[in-house]
Amino acid sequence: MTTAERKPRVLSGIQPTSDSFHLGNYLGAIRQWVAMQDSTDAFYFVVDQHAITVDHDPKVLHQRSRVSAAQLLALGVDPERCTLFIQSQVPEHTMLAWILGTETGFGEASRMTQFKDKSAKQERTTVGLFTYPILQAADILLYQTDQVPVGEDQRQHLELTRDLAIRFNTTYGATFTVPDAYIVKETATIKDLAEPEKKMSKSSPSPRGCLYLLDEPNQMRKKIKSAVTDSDAEVRYDPEHKPGVSNLMNIYAALGATTHEKIEAEYAGKGYGDFKGDLAEVVAEYLGPISAKTKEFLADKAELDRILTAGAEKARHVAARTLAKAYKKVGFYPPVAL
């Protein structure tokens with residue numbers, strides 16, 4: 001395959017910080033990952049090293065990493081069409097992060113808004129949390145990544161990655177591909193079912209606010225039927241004045257392959273009860289099989305481990321070449337193969 005024919009390389013990761021992904025994770029990222037597998041050379045990984053920047057239970061983290069990988073497979077991430085791995089299985093990530101850390105100004109790292117936000121929410125702030133964006137830069141640059149799918153909350157980190165790649169290349173010679181943002185088809189942000197002014201999150205204060213992919217179908221139905229709406233009772237898309245109903249319409253449109261206009265027409269003159277009841281069935285029918293597929297992957301531990309080990313080997317084949325180049329450029333001895 002010539003350079004002109006080579007698919008652009010895309011990389012994206014997801015943290016194993018919950019027992020289940022939620023609907024916002026799927027619609028905002030993972031569904032796009034699945035779609036990109038045929039048009040790109042995709043590298044997807046579970047970022048367990050980033051997950052320990054906050055307090056954690058080692059056994060829980062290990063299990064959540066496995067469950068995260070199993071969910072990705074159940075959702076359509078195909079190891080025959082992409083490279084799927086666990087971050088900690090590829091030691092080159094942290095090895096490159098040290099080099100990039102020496103290229104990062106303290107002021108640059110201090111300006112990262114995510115560090116400010118996260119450190120304000122926890123009692124203990126670690127150096128790992130502070131250098132999180134540098135490890136993220138290493139994640140990206142290791143694979144000579146062309147494009148990175150990013151939301152608004154990650155754009156600043158991608159800009160730091162680009163700056164570090166350009167700085168290193170200028171100082172030591174061409175080493176890293178300077179990545180661009182991958183602009184995915186715009187999707188509506190899924191909001192909390194109990195507090196529709198807020199983005200859906202695993203940290204939702206209400207257990208009914210977050211729709212988890214591994215919820216049982218009846219749990220999904222109950223959460224949809226009890227979702228906050230308003231007293232108007234008209235099924236109409238108006239995010240400003242009717243955030244709860246509009247959020248449910250976004251979910252219906254995304255999972256039911258329809259539009260807001262068609263939803264409004266279908267439920268004209270009907271109440272929220274009919275709308276929520278039908279949406280509850282759409283959600284349960286669409287998401288219900290995901291839990292069963294995830295359990296199938298988890299039940300065959302040997303096969304899941306085989307898939308992840310094979311993915312890590314593919315990832316290391318690329319990462320080791322980049323690291324060796326960076327080591328040589330800064331004057332290090334090459335890593336010794338075990």
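Residues numbered from 1 in each chain as written. Predicted model: local features only at pLDDT ≥ 70, side-chain atom pairs only at ≥ 80, totals over all residues. Heavy atoms only, no water.

Student: What should I look at first to understand the overall build of the protein chain in this one?
Tutor: Counting its regular elements, the protein chain contains 14 helices and five strands. Radius of gyration (C-alpha) of the protein chain: 22 Å, near the 20 Å computed for a compact globule of 338 residues. Dimensions of the protein chain, computed from the C-alpha atoms along their principal axes, are close to 70 × 45 × 45 Å. The buried share of the protein chain, taken over its 338 residues, is 47%. Within the protein chain, contacts between residues separated by at least 24 positions form 73% of all contacts whose residues are at least 6 apart in sequence. Just so you have it, the protein chain exposes about 16800 Å², and 54% of that area is on carbon and sulfur atoms. In the protein chain, the 41 positive side-chain charges and the 44 negative ones have mean positions that sit 4 Å from each other. (Helix = DSSP H or I, 4+ residues; strand = E, 2+ residues; numbered from the N terminus. Rg over C-alpha atoms; globule rule 2.2 N^0.38 Å. Buried < 20%, exposed > 50% of the residue type's maximum accessible area, 1.4 Å probe, protein only. Contact = heavy atoms within 4.5 Å. Areas by Shrake-Rupley, 256 points an atom, 1.4 Å probe, with all protein chains shown as cover. Lys, Arg positive; Asp, Glu negative; His and termini not counted. Charge placed at Lys NZ, Arg CZ, Asp CG, Glu CD.)

Student: Help me understand the nonpolar core in this model?
Tutor: The nonpolar side chains of a soluble globular protein tend to be buried, and buried together. With 53 residues, the main nonpolar core has Leu23, Leu72, Leu211, Ile251, Phe275 and Val283 as its most contacted residues. The element contributing the most residues to this core is helix H13 (residues 272-299), with eight residues. Aside from chain neighbours lying at most four places away, what touches Ile251 is Leu23, Ile190, Leu193, Gly256, Leu279 and Val283. With 38 residues, the next largest nonpolar core counts Val90, Ile99, Leu100 and Phe168 among its residues. (Core = buried A, V, L, I, M, F, W, Y, C linked by side-chain atoms within 4.5 Å.)

Student: Would you mind going over the packing of aromatic side chains with me for this structure?
Tutor: Centre distance and the angle of the planes are the two values used to describe a pair of aromatic rings. Under the defined criterion, the tally for this structure stands at twelve aromatic pairs. Judged by centre distance (5.8 Å) and plane angle (10°), the ring pair of Tyr252 and Phe275 falls under stacked. Within this pair, whereas Tyr252 is found in helix H11 (residues 243-256), its partner Phe275 is found in helix H13, the two being separated by 23 residues in sequence. The same class applies to Tyr252 as to Phe275, namely buried. Residues Tyr327 and Phe332 carry aromatic rings whose centres are separated by 4.9 Å and whose planes lie at 85° to one another, so their mutual orientation is edge-to-face. (Phe/Tyr/Trp six-rings, centres within 6.5 Å; stacked < 30°, edge-to-face > 60°.)

Student: What is the right way to read the pattern of salt bridges from this model?
Tutor: Think of it this way: side chains of opposite charge can pair up when their charged atoms draw near. As enumerated under the stated definition, the model contains 19 salt bridges in all. Here Arg6 makes a salt bridge to Asp146, at a shortest N to O gap of 3.3 Å. One end of the pair, Arg6, is in the segment before strand E1 (9-14); the other, Asp146, is in the loop between helix H8 (132-141) and strand E4 (147-149), with 140 residues separating them in the sequence. For the salt bridge of Arg162 with Asp180, the shortest nitrogen-to-oxygen distance reads 3.0 Å. Of this pair, Arg162 sits in helix H9 (residues 155-172) while Asp180 sits in strand E5 (residues 180-182), and the two are 18 residues apart along the sequence. By sharing partners, the salt bridges in this structure join Asp230, Asp232, Glu234, Arg236, Asp238 and Lys242 into a single network. (Salt bridge = Lys/Arg side-chain N within 4 Å of Asp/Glu carboxyl O.)

Student: Where do I start with helix H4 (residues 92-101) in this structure?
Tutor: Residues three or four positions apart in an α-helix share a direction because the helix packs 3.6 residues into each turn. Every buried residue belonging to H4 is among Glu92, His93, Leu96, Ala97, Ile99 and Leu100, and all of these are buried. Summarising the axial view, the buried residues of H4 lie within an arc of 160°, below the 170-degree limit, and thus occupy one face. Those residues of H4 hidden inside the fold are in contact with strand E2 (41-46), helix H2 (48-51), strand E3 (83-86), H8, H9 and helix H14 (301-330). (Arc of directions from axis to C-beta.)

Student: Honestly, H8 in this entry has me stumped. Any pointers?
Tutor: Here H8 lies mainly inside the structure; ten of its ten residues are buried. Tyr132, Pro133, Ile134, Leu135, Gln136, Ala137, Ala138, Asp139, Ile140 and Leu141 are the residues of H8 that are buried.

Student: Teacher, can you tell me more about unusual backbone geometry here?
Tutor: Most peptide bonds are trans, and most residues other than glycine sit at a negative phi. The phi angle at Ala233 is positive, at roughly 75°, despite the residue not being glycine. Structurally, Ala233 is set in the loop between helix H10 (217-225) and H11. The phi angle at Ala257 is positive, at roughly 50°, despite the residue not being glycine. Mapping Ala257 onto the fold places it in the loop between H11 and helix H12 (260-266).

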